[in-house]
Amino acid sequence: MADVVRDGWINTGPRAKAFETEFAAAVGARHGVAVNSCTAALHVAYEAIGLRDGDEVLVPTMTFTSTAATAWHLGARPVLVDIREGDETLDVEKAERAVTPRTKAIVPVHYGGQACELDAILDLAKRKGLRVVEDAAHAFPASYKGRPIGTFGDVTCFSFYSTKTITTAEGGMACTQDDDLAARMRLMALHGISKDAWKRYTSEGSWYYEVLAPGYKYNLTDLAAAIGRVQLARAGDMLRRREAIAKRYLEAFGSNDALIVPTVLPDRTHAWHLFSLRLRLEALPLSRDAFLDELKARGIGTSVHYIPLHLQPCYRETFGFRPGDFPVAEDAYRRSVSLPIYSKMTDADVDRVIDAVLDLVGKNRSSDTTG
Ligand SMILES: *Cc1c(COP(=O)(O)O)cnc(C)c1O
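Residues numbered from 1 in each chain as written. Predicted model: local features only at pLDDT ≥ 70, side-chain atom pairs only at ≥ 80, totals over all residues. Heavy atoms only, no water.

**Some thoughts on the overall build of the protein**
On a plain count of helices and strands, the protein comes out with 13 helices and 13 strands. If one aligns the C-alpha atoms of the protein with their principal axes, the spans along those axes are about 80 × 50 × 35 Å. Taken as a whole, the protein presents about 16,200 Å² of accessible surface, with 52% of it coming from carbon and sulfur. Positive and negative charge centroids in the protein, built from 45 and 48 side chains respectively, lie 2 Å apart. (Helix = DSSP H or I, 4+ residues; strand = E, 2+ residues; numbered from the N terminus. Areas by Shrake-Rupley, 256 points an atom, 1.4 Å probe, with all protein chains shown as cover. Lys, Arg positive; Asp, Glu negative; His and termini not counted. Charge placed at Lys NZ, Arg CZ, Asp CG, Glu CD.)

Shown next, in the form of structure tokens:
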């Protein structure tokens, strides 16, 4: 970042280009289009595949709002689908039942950093003529059957938000193998202008440009890209640290019958963006919310992933979803406690989380049996 400031080219320029090239190479993709968020990446991806008014898009209800809201911006209807038990990714059979003649795309979300059942999703997409846009906000670096996440669908969208596995403070990347999709996303990410600023302001470019479409303003700055390139170089080391933390959690909680640990599937590299524990509430007298409060009182930050989209007011009011529509997601949500998992956690931090969780479970279970 200091170099960027010294050079003086702080906005989109050579570092953003280099970050695109390096990130695309890391996931084995032909193109990487750097943008200022994963939300922006999803928006330009949906626009590039031609999503428009009246189209339907299959989205798991267990995700962040922008997976669906960016399709909604284009006039498409997000058709929410339940998740399957276990890994809590899109239920492909339920997705198939939700396909109509208007369905244009399916959006697998690699929940927590673990790849969805991609073979089945790609097969469904092929049979029904659907485009596939992957929400890989959690899934760098991750792989499915030995191949990195980044090239399975038509477009794969990554997030570099500050809580994600690598960060640029705010940032994202849309990766694709398709030259036309890449060109369209690049165009729409910068005003619909046919040349980017770098070419316009250097000797190899000229003052002339054309506005080919009413584009967005989604470019990633060189300041952000400079952070991204350093983060990218460290991504493997940071993943190994998260893997070690996940292993500790799995060992500590895996055999506890009041806790349900995340299902780890074969043939995948898990990015471990989240460690979402599920409480077996039947075995615990305290509620999930009380559990979160107790951890907070001990100085342990937690979160809940996710409040399903079909329970959110705007999705309910606009599309008529109701509580009870997607029981697997609702059940997971009710039990959800996402524990801290990040590369800077020390062994002592991890011990403290494990001790607190086991203490809370133990205390509450003994009071259960005695009273
Ligand atoms: C974080 C996140 C996004 C949005 O990413 P931003 O970079 O913050 O726009 C989209 N989908 C999922 C599943 C996410 O977790």
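**Description of the pattern of salt bridges**
Going through the model one piece at a time under the given rule, you end up with 30 salt bridges. With its nearest N and O atoms 2.7 Å apart, the salt bridge here joins Asp87 to Arg84. The exposure class of Asp87 is buried, given its relative accessible area of 6%. Judged by its relative accessible area of 24%, Arg84 is partly exposed. In this structure, Asp351 and Arg248 form a salt bridge, with 2.7 Å as the shortest nitrogen-oxygen distance. Of the two residues, Asp351 sits in helix 13 (residues 347-370) while Arg248 sits in helix 9 (residues 222-253), which places them 103 residues apart along the sequence. Overall, the relative accessible area of 29% leaves Arg248 in the partly exposed class. (Salt bridge = Lys/Arg side-chain N within 4 Å of Asp/Glu carboxyl O. Buried < 20%, exposed > 50% of the residue type's maximum accessible area, 1.4 Å probe, protein only.)

**A closer look at the packing of aromatic side chains**
Each aromatic ring pair is described using two quantities: the centre-to-centre distance and the angle formed by the ring planes. Per the counting criterion, the structure on display carries 18 aromatic pairs. Taking the centre distance of 6.3 Å and the plane angle of 70° together, the rings of Tyr111 and Tyr306 count as edge-to-face. Here Tyr111, found in the loop between strand 4 (103-106) and helix 6 (118-128), pairs with Tyr306, found in the loop between helix 10 (288-297) and helix 11 (313-319); they are 195 residues apart in sequence, far enough to count as distant. Accessibility expressed as a relative area gives 6% for Tyr111, which makes it buried. Judged by centre distance (6.3 Å) and plane angle (50°), the rings of Phe319 and Phe321 are tilted. For the pair formed by Phe319 and Phe321, the shared burial category is buried. Of the aromatic side chains, those joined through ring pairs into one cluster are Phe19, Phe23, Phe140, Phe158 and Phe160. Cation over ring: Arg147 sits above Phe152, and NZ or CZ is 4.0 Å from the ring centre. (Phe/Tyr/Trp six-rings, centres within 6.5 Å; stacked < 30°, edge-to-face > 60°. Lys NZ or Arg CZ within 6 Å of the ring centre and 35° of its normal.)

**So, unusual backbone geometry**
Keep in mind that most residues, glycine aside, have a negative phi and that most peptide bonds are trans. A cis amide bond links Phe140 to the next residue, Pro141, at an omega of -10°. On the secondary structure map, Pro141 appears in the loop between strand 5 (131-135) and strand 6 (143-144). Cis geometry is adopted by the peptide bond preceding Tyr306, which originates at His305 and carries an omega value of -10°. Even without a glycine there, the phi angle at Lys145 is positive, about 50°. Looking at where Lys145 falls in the secondary structure, it is placed in the loop between strand 6 and strand 7 (147-148).

**Comments concerning the domain arrangement of the protein**
Size of an interface, as often reported, equals the accessible area lost when the parts are brought together. Looking at the assigned domains, one finds that the protein contains domain 1 (2-233) and domain 2 (236-370). Computed over C-alpha atoms only, the centres of domain 1 and domain 2 are separated by 27 Å. Note on domain 1 versus domain 2: buried area summed over both sides is about 3,100 Å², and carbon and sulfur give 60% of it. When the buried surface of domain 1 facing domain 2 is broken down by residue, Trp72, Leu80 and Gln114 rank first, second and third, together holding 19% of it. The interface formed by domain 1 and domain 2 includes two salt bridges. (Domains from an automatic or database assignment. Buried area = accessible area lost by both parts, 1.4 Å probe.)

**Considering the site of the ligand**
Taken together, 16 residues lie near the ligand, and Thr39, Asp135, His138, Ser159 and Lys164 sit nearest. Side-chain polar atom of Lys164 to an oxygen atom of the ligand: 3.1 Å apart, as the coordinates give it. Contact with the protein chains covers 92% of the free accessible surface of the ligand, which is 390 Å². Residue assignment for the shell around the ligand shows that the elements contributing at least two residues are helix 3 (38-48) and helix 4 (65-73). By residue class, the composition of the shell around the ligand is six nonpolar, eight polar and two charged. (Near = heavy atom within 4 Å. Polar contact = N/O pair within 3.5 Å; in protein donor to acceptor, adjacent residues only side chain to side chain. Nonpolar A, V, L, I, M, F, W, Y, C, P; charged D, E, K, R; others polar.)

**Some remarks on the sheet that holds strand 7**
Taking strand neighbours across the sheet as the criterion, the three strands line up as 7-6-11 in an open arrangement whose pairing is antiparallel. One side of each edge strand has no neighbouring strand; the edge strands of this open sheet are strand 7 and strand 11 (268-269). As judged from the two bridges shared by strand 6 and strand 11, these two strands associate in the antiparallel manner. By the bridge assignment, Tyr144 is partnered in strand 11 with Arg268. (Pairing = 2+ DSSP bridges.)

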